[in-house]
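# Per-entry structural report
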Amino acid sequence: MTAPATPWLPAAPLAPDELARLRRRAIFDCCKWDPQVEDGAALADAPLVLRAGAWRELAALAELLAAETLAAEEELVGRPELHAALGLPPAWWGGGRGAAAAELAHAGRRPPVSAARLIRFDFHHTRDGWRISEANTDVPGGLNEASGIARLVASHYPGAEPVGDTAGLYARALVASGRPSPHVALVHATAYTDDRQVMTYLARRLEELGASATLASPANLQWRGGRAHIAADWRSGPVDLVMRFFPAEWLPNLPRACGWSAFFHGAITPMSNPATALLTQSKRFPLVWSALRTPLPTWRALLPETRDPRDVPWRDAARGDDWVLKPALGRVGEDIAMRGVTGEKEWRTLAREARRHPRDWVAQRRFEATPLENACGVPVYPCVGVYTVGTQVAGAYGRLAPKPLIDWRAQDVAVLAAA
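Just so it is clear, the model here is predicted, and its values are computed rather than measured.

### Regarding the side chain of H183
- Following the sequence through the fold, H183 ends up in strand 8 (residues 183-188).
- At 2.8 Å, the side chain of H183 and the side chain of T214 are in polar contact.
- Excluding its chain neighbours within four sequence positions, the residues that come into contact with H183 are S212, T214, I230, R235, P238, V239, D240 and L241.

### Comments concerning the pairing of strand 16 (residues 323-327)
- Across the 5 residues that make up strand 16, a large majority, 5, are buried.
- Residues W323, L325 and P327 of strand 16 are buried on one face, and the alternating residues V324 and K326, pointing to the opposite face, are buried as well.
- Bridge count for strand 16 against strand 18 (residues 361-365) is 5 bridges, and the pairing is antiparallel. Of the residues in strand 18, the one forming a bridge with P327 is W361.
- Note: strand 16 against strand 17 (residues 337-338), 2 bridges, orientation antiparallel. Within strand 17, the residue paired with L325 across the bridge is A337.

### As for the nonpolar core
- By size, the foremost hydrophobic cluster in this structure holds 68 residues, and its most contacted members are W55, F123 and W299.
- Of the residues forming this core, the biggest block, 11 residues, is contributed by helix 2 (residues 52-77).
- Leaving out residues up to four positions away in the same chain, W299 has contacts with L65, E68, T69, F121, I132, A135, F285 and W289.
- With 48 residues, the next largest nonpolar core counts A115, L152, A171 and L241 among its residues.

### Notes on the packing of aromatic side chains
- The tally for this structure, following the rule as stated, stands at 11 aromatic pairs.
- Ring plane angle 70° and centroid distance 6.3 Å describe the contact between F121 and W299, whose orientation is recorded as edge-to-face. Here the residue F121 occupies a position in strand 5 (residues 118-126), and W299 occupies one in helix 8 (residues 297-302), the gap between them amounting to 178 residues.
- Their ring planes at 80° and their centres at 6.3 Å tell us that W314 and W347 sit as a pair that is edge-to-face.

### So, the pattern of salt bridges
- Under the criterion given, the structure shown has 26 salt bridges.
- Between E75 and R293 there is a salt bridge; the shortest N-O distance is 3.8 Å. Of this pair, E75 sits in helix 2 while R293 sits in the loop between helix 7 (278-281) and helix 8; the two residues are 218 residues apart in sequence, bridging distant segments of the chain.
- Through salt bridges with shared partners, one network takes in K32, D34, E145, R399 and D412.

### Looking at the sheet that holds strand 12 (residues 236-238)
- Across the sheet, which stays open at both edges, the 3 strands sit in the order 10-11-12 with antiparallel pairing between neighbours. The open sheet has two edge strands with one neighbour each: strand 10 (221-224) and strand 12. Along the sheet, successive strands turn relative to each other by an average axial angle of 25°, direction set aside.
- As defined by bridge partners, strand 10 adjoins strand 11 (residues 227-231) across 4 bridges and the pair is classed as antiparallel. Bridge pairing links R224 to R227 in strand 11.

### Observations concerning helix 4 (residues 143-154)
- Taking 1.5 Å as the rise per residue, helix 4 with 12 residues should run 16 Å; its terminal C-alpha atoms sit 16 Å apart, in good agreement.
- With 11 of 12 residues buried, helix 4 is to be regarded as a mostly interior element.
- For helix 4, the set of buried residues is L143, N144, E145, A146, S147, G148, I149, A150, L152, V153 and A154.

### Describing helix 1 (residues 16-30)
- The first and last C-alpha atoms of helix 1 sit 20 Å apart over 15 residues, in line with the 21 Å expected at 1.5 Å per residue.
- The inward-facing, buried residues of helix 1 abut helix 4 and helix 6 (193-208).
- Downstream of helix 1 by a residue or two, C31 has a phi angle that is positive, lying close to 60°.

### A short note on a positive patch on the surface
- Taken together, the side chains of R315, R352, R355 and R356 present a region of like positive charge at the surface.
- Mapped onto the secondary structure, R352 falls in helix 9 (residues 344-356).
- Residue R352 is classed as partly exposed on the basis of its relative accessible area, which comes to 32%.

Definitions and cut-offs
- Residues numbered from 1 in each chain as written.
- Predicted model: local features only at pLDDT ≥ 70, side-chain atom pairs only at ≥ 80, totals over all residues.
- Heavy atoms only, no water.
- Helix = DSSP H or I, 4+ residues; strand = E, 2+ residues; numbered from the N terminus.
- Polar contact = N/O pair within 3.5 Å; in protein donor to acceptor, adjacent residues only side chain to side chain.
- Contact = heavy atoms within 4.5 Å.
- Buried < 20%, exposed > 50% of the residue type's maximum accessible area, 1.4 Å probe, protein only.
- Pairing = 2+ DSSP bridges.
- Core = buried A, V, L, I, M, F, W, Y, C linked by side-chain atoms within 4.5 Å.
- Phe/Tyr/Trp six-rings, centres within 6.5 Å; stacked < 30°, edge-to-face > 60°.
- Salt bridge = Lys/Arg side-chain N within 4 Å of Asp/Glu carboxyl O.
- Axes fitted to C-alpha atoms, helices over the stretch in contact; angles between N-to-C directions.
- Expected span 1.5 Å × (residues − 1).
- Patch = residues over 30% accessible without salt bridge, like charges linked within 9 Å, V, L, I, M, F, W, Y side chains within 5 Å.
- Areas by Shrake-Rupley, 256 points an atom, 1.4 Å probe, with all protein chains shown as cover.
- Lys, Arg positive; Asp, Glu negative; His and termini not counted.
- Charge placed at Lys NZ, Arg CZ, Asp CG, Glu CD.

This is the structure we're talking about:
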């Protein structure tokens, strides 16, 4: 994991007219419908260009992490005695009697048929080499940025190329896991534009391969003997494959009549990703490592020390800066408390929640990410989200932030590698 002083190569920003054309094509060709975040552009004006050796290292690490994650998850599905330690929503746990807890417990007996498993590992460069802050093993987004937008940006930078085509490889894997010309249900939270754009882009890529795709909510599915059917005004009939882009912890909020338990167990229709992915999605996953038979050497080497908040001095004024508080099921950097980076008012609010509900949080030892200077000489902090499909690396998606905390305000940035 030894890294050079910097894994990045310089890349000049696009000229204003080139950037304007790129953003228009991102909207219409790549379904990037949210090109603005508050008062700033959602897309960076220059790519992250990795040295070829740095990308090879990241790809190799991601494939090791994927293999370990899938093995650990398979074990966890059959270890319901460990589920309570993972910080799943309190409503799930009535002494283990909650409805969703029961579905997870049953998953060990009849797990869903899994197909084309998609994961994203978020890497940060430090003076000690690469570290990961988390993995999105449940519903990783960013497919349009990682594929279509990266290709658009690469056309402006001779000598650099996209590090993969995540959406294309994922679509091929989905099609290969079903019958010829399969009907794929792209199940997502239909009220969210950022989710809809990812599903619309993936539908296009599936249709290029001869599949048919239906965009739907979980409530539009009916499960009959473990087989999925679409029951909606715009389409009805059996489904050959279900692609879930609806967070697993939200499923129990749906009416039982829509059959959401099939995402946890009993589904015969192949599914990507099964809801049992929540077991490794939880930031409290490291707290059960010592109880697992599955070895996790790459996870242990790359993830900073992670503890229950009650076990570390994060409230100590002298030593608290060493720890970052994270909600167990947080996403897109939401509600992360990093002293000196998070605003003071927000820090107090999040710290109060962590004190009151420590089993819903983790404390992660802070690492010092190495900043990258942009064209204006201003330091920014990059994050490279590396995707795997199964255990094969598929591409990457980048984020840039003006502070060492990558959240929803961070810019999307194409990740390229030296050719």
